[in-house]
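Given next are the chains, with one letter for each unit.
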Amino acid sequence: MILKDDWSAFLNVELSKDYYRKLQIFVEQEYKDKTIFPEYDNIFRAFNLVNPKELKVVIIGQDPYHGPKQANGLAFSVCDECKIPPSLKNIFKELADDMGCAYPSNGNLTQWAEQGVLLINAALTVIESKANSHKGEGWEIFTDSVISKISLERENIVFILWGAVAHKKEILIDHSKHFILKSAHPSPLSSYRGFFGSKPFSRTNAYLSRYDKKTIDWRLS
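As the structure is a prediction and not an experimental result, all values here were calculated from the model.

Criteria and thresholds
- Residues numbered from 1 in each chain as written.
- Predicted model: local features only at pLDDT ≥ 70, side-chain atom pairs only at ≥ 80, totals over all residues.
- Heavy atoms only, no water.
- Pairing = 2+ DSSP bridges.
- Helix = DSSP H or I, 4+ residues; strand = E, 2+ residues; numbered from the N terminus.
- Axes fitted to C-alpha atoms, helices over the stretch in contact; angles between N-to-C directions.
- Polar contact = N/O pair within 3.5 Å; in protein donor to acceptor, adjacent residues only side chain to side chain.
- Contact = heavy atoms within 4.5 Å.

### A closer look at the sheet that holds strand β6 (residues 179-183)
Sheet strands pair via backbone hydrogen bonds, and the direction of the pair is either parallel or antiparallel. Read from one edge to the other, the open sheet built from four strands follows the order β3-β2-β5-β6, with strand pairing classed as parallel. Looking at which strands have only one partner, the edges of the open sheet turn out to be β3 (117-121) and β6. Neighbour-to-neighbour, the strand axes of the sheet open up by a mean angle of 15°, direction not taken into account. Summarising the sheet, strand β5 (residues 158-162) and β6 pair through five bridges and their orientation is parallel. Pairing of Leu161 across the sheet is with Lys182, part of β6.

Structure follows, in C-alpha cells:
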C-alpha cells in the first residue's frame, strides 16, 4: 500500500500509529488469501491522483464496488469497460440536470480526481461479493483521520456527503472554514428523497469561485 510522498508527508503521524500497522498486515494477508477489490495497486489511487495542496473537493462513499472489474480506487467510480452502476447513473442524471453536461459513456471519474476532487470511501478495500466486509478493520479510523486533518490544515474545501455513512463524517469538519453539502444517497432506494435537485456540482463551483479557486469541469469525455 503505497502513498505518494506528498500524502505520506501530510499523514506521517497517522501512518506511524499501531492501528495502521495492524491494518497494513491485515490487508496484505487478505490480498494473499482472497479476492479483494480494488486491485492492490489501486488501494490509494484516490489519494495518488490528487496533491493535498491542490485539493478542492472531498466526496465520501462507503466502500468499493465488490464485483469483478468494477472498483478502480475512486469512490463511486468504475473501470472504463464496466457497466455504470445504479448509484452512478443517478449521479450522472443529477449532473446533467444541474450542469447541462452530456451523459457520460462510462463511469470512470478519473478526470474529476485529476482536478482536485478526492473520491474516498470510508473503507478502501472489500472482499469480492461481500459489501462492507472490511468495515471495522481500521480503515474508518484512517479515513476519519484524513478528513479531520484536511479540515484542520486546509481552508475552503467542499465536502460532499451523500447518504447516512457520509453524513456521520460531518462532525469531523470545521463548518467555519469549509462548505458542507449534504443530501440523500444517489442509490435508487433514496435518490428521490433529496438527492435529485440538490445541485451539488453547480453549488460546489459557486463556492470555489467565491474563494478565487479554479472550478471543476465536471464533464466526462
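### Some words on the side chain of Asn48
By the secondary structure assignment, Asn48 is in helix α4 (residues 45-48). Reaching out from Asn48, the side chain makes a polar contact with the backbone oxygen of Ile2 at a distance of 3.1 Å. For Asn48, the contacting residues outside a window of four places in its chain are Ile2, Leu3 and Lys4.

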